[in-house]
Amino acid sequence: MYDGLFSTTDDIASSAQPTAKPGDIRYKDISGPDGVPDGVINDLDRTIIGCAQPKLFGGFNNTFSYKNFDLNVNTIFTIGNDVYNGTRVTMENMQGSTNMFASTMNYWTPDNQNAPLPRPLRSKAVMRVSNQYVENGSYLRFQNITLGYNVPTEFLSFTKYVSGLRVYASLQNFFTITSYSGDNPEVSKYGQDNLGAGYDAFSYPFAKSVLFGLNVKF
């Protein structure tokens, strides 16, 4: 598990990572061959760092009416699920030759020891999968909001062919309330809903759309 960054050589000397340098990621020594911390970071220190399955999920679909107006609101939500932000892992590790996120500018230096990211290195071995990039994936999404107006029949008296007319406007996927830093908390790796749930690998956000329409009764 991620346990911050090393700041001093004294921190390193008393840790399970004696070859680390100030600014490197520190990992928790959780267990060893006897089930207790052994002063070594290896596979025995692996642990569960999150769960992609929500503790609660559901949705609401409500229609409100007032005189000739109607408002339909359709929402879905999840509570208690985690998302591993693989996009940030790739775009903040400073290992590649492509552009990175602007957040990588805030890396550890002796003068910036409270930085969230470690010192830049060209070795992928210094970064392990950890809870560093596990985020709360709970969200409330307004999938559809539709406002309609039924034109009074007296305004349709000019024609004998139209018996009803409703105009409406609809917003689809316009609002999502979440603390997740990525584009979309409802993710699965490469679209593998069962095997890759909760893994964000450069997922695209849902498209937002505005629709206008007419319902005509003859």
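So, how was this worked out
- Residues numbered from 1 in each chain as written.
- Predicted model: local features only at pLDDT ≥ 70, side-chain atom pairs only at ≥ 80, totals over all residues.
- Heavy atoms only, no water.
- Helix = DSSP H or I, 4+ residues; strand = E, 2+ residues; numbered from the N terminus.
- Rg over C-alpha atoms; globule rule 2.2 N^0.38 Å.
- Core = buried A, V, L, I, M, F, W, Y, C linked by side-chain atoms within 4.5 Å.
- Buried < 20%, exposed > 50% of the residue type's maximum accessible area, 1.4 Å probe, protein only.
- Contact = heavy atoms within 4.5 Å.
- Pairing = 2+ DSSP bridges.
- Axes fitted to C-alpha atoms, helices over the stretch in contact; angles between N-to-C directions.
- Patch = residues over 30% accessible without salt bridge, like charges linked within 9 Å, V, L, I, M, F, W, Y side chains within 5 Å.
- Areas by Shrake-Rupley, 256 points an atom, 1.4 Å probe, with all protein chains shown as cover.
- Salt bridge = Lys/Arg side-chain N within 4 Å of Asp/Glu carboxyl O.

Sorry if this is basic, but what is going on with the overall build of the protein here?
Along the backbone of the protein there are 2 helices and 10 strands. In sequence order, the secondary structure elements of the protein are arranged as β-α-β-β-β-β-α-β-β-β-β-β. On C-alpha atoms alone, the protein measures out to a radius of gyration of 26 Å, which is more than a quarter above the 17 Å that the 2.2 N^0.38 rule sets for 218 residues. Taken over the C-alpha atoms alone, the protein extends approximately 90 × 40 × 30 Å along its principal axes.

Help me out: how do you make sense of the nonpolar core in this one?
A general tendency of soluble globular proteins is for nonpolar side chains to be buried together. Counting 7 residues, the largest nonpolar core consists of Tyr 2, Leu 5, Ala 16, Ile 25, Tyr 27, Ile 41 and Trp 108. Going through the elements one at a time, β1 (2-5) and β2 (25-27) are the ones with two or more residues in this core. Discounting residues that sit within four places of it in the chain, Ile 41 has contacts with Ala 16, Gln 17, Tyr 27, Lys 28, Asp 29 and Arg 128.

Please clarify how the sheet that holds strand β10 (residues 209-217) should be interpreted in this entry.
Working definition: the strands of a sheet are paired by backbone hydrogen bonds and lie parallel or antiparallel to each other. Taking strand neighbours across the sheet as the criterion, the 5 strands line up as β3-β4-β7-β8-β10 in an open arrangement whose pairing is antiparallel. In this open sheet, the two edge strands, each paired with only one partner strand, are β3 (56-66) and β10. Across this sheet, the average inter-strand angle for adjacent strands is 15 degrees, counted without regard to direction. Pairing of strand β7 (residues 139-150) with strand β8 (residues 164-178) involves 11 bridges; the strand directions are antiparallel. Looking at the pairing, Tyr 149 lines up with Val 167 of β8.

What is the right way to read the environment of Leu 140 from this model?
Positionally, Leu 140 belongs in strand β7. Relative accessible area serves as the criterion here: at 28%, Leu 140 is assigned to the partly exposed category. When the C-alpha atoms of Leu 140 and Ala 16 are compared, they prove to be 41 Å apart, with 124 residues separating the residues in sequence. Dropping the residues within four chain positions of it, Leu 140 is found in contact with Thr 75, Ile 76, Phe 77, Phe 175, Thr 176 and Ile 177.

What's the story with a nonpolar patch on the surface in this structure? I'm lost.
Side chains of Phe 64, Tyr 66, Phe 69, Leu 71 and Leu 147 sit close together on the surface and give an oily, nonpolar patch of about 520 Å² of accessible area. Mapped by element, the contributors of at least two residues to the nonpolar patch are β3 and β4 (69-79). Position of Phe 64 relative to the elements: it lies in strand β3.

Whenever I open this one, the sheet that holds strand β6 (residues 134-136) confuses me. Can you help?
An order of β6-β5-β9 is seen for the 3 strands of this open sheet, with the pairing classed as mixed. Each edge of the open sheet is held by one strand with a lone partner, namely β6 and β9 (199-200). Pairing between strand β5 (residues 82-85) and β9: 2 bridges, direction parallel. The residue of β9 that forms the bridge with Asn 85 is Asp 200.

Which parts of the structure should I look at to understand the pairing of β3?
As a general feature of sheets, a regular strand has side chains that alternate between the two faces. Pairing of β3 with β4 involves 11 bridges; the strand directions are antiparallel. Residue pairing for β4: Asn 62 is matched across the bridge by Val 73. The antiparallel hairpin formed by β3 and β4 contains 2 residues in its connecting segment, where Lys 67 sits at a positive phi of about 55 degrees.

Where do I start with the environment of Arg 119 in this structure?
You can see Arg 119 is positioned in the loop between α2 (86-92) and β6. Taking the C-alpha atoms as reference, Arg 119 lies 9.5 Å from Met 94; in sequence the two are 25 residues apart. Contacts of Arg 119, omitting those with residues within four sequence positions, involve Lys 21, Pro 22, Gly 23, Asp 24 and Trp 108.

Would you mind going over the pattern of salt bridges with me for this structure?
A side chain with one charge may pair with a side chain of the opposite charge, provided their charged atoms come close. Following the criterion strictly, the structure yields 7 salt bridges and no others. Here Asp 43 makes a salt bridge to Arg 46, at a shortest N to O gap of 3.6 Å. Under the relative-accessibility criterion, Asp 43 is labelled exposed at 56%. Here Arg 166 ties to Asp 70 by a salt bridge, and the two come within 2.7 Å at their closest N and O atoms. You can see Arg 166 sitting in strand β8 and its partner Asp 70 sitting in strand β4, a full 96 residues away along the chain. As far as burial versus exposure is concerned, Arg 166 and Asp 70 are alike and both buried. When salt bridges that share partners are traced, they join Arg 88, Glu 92 and Glu 135 into one network.

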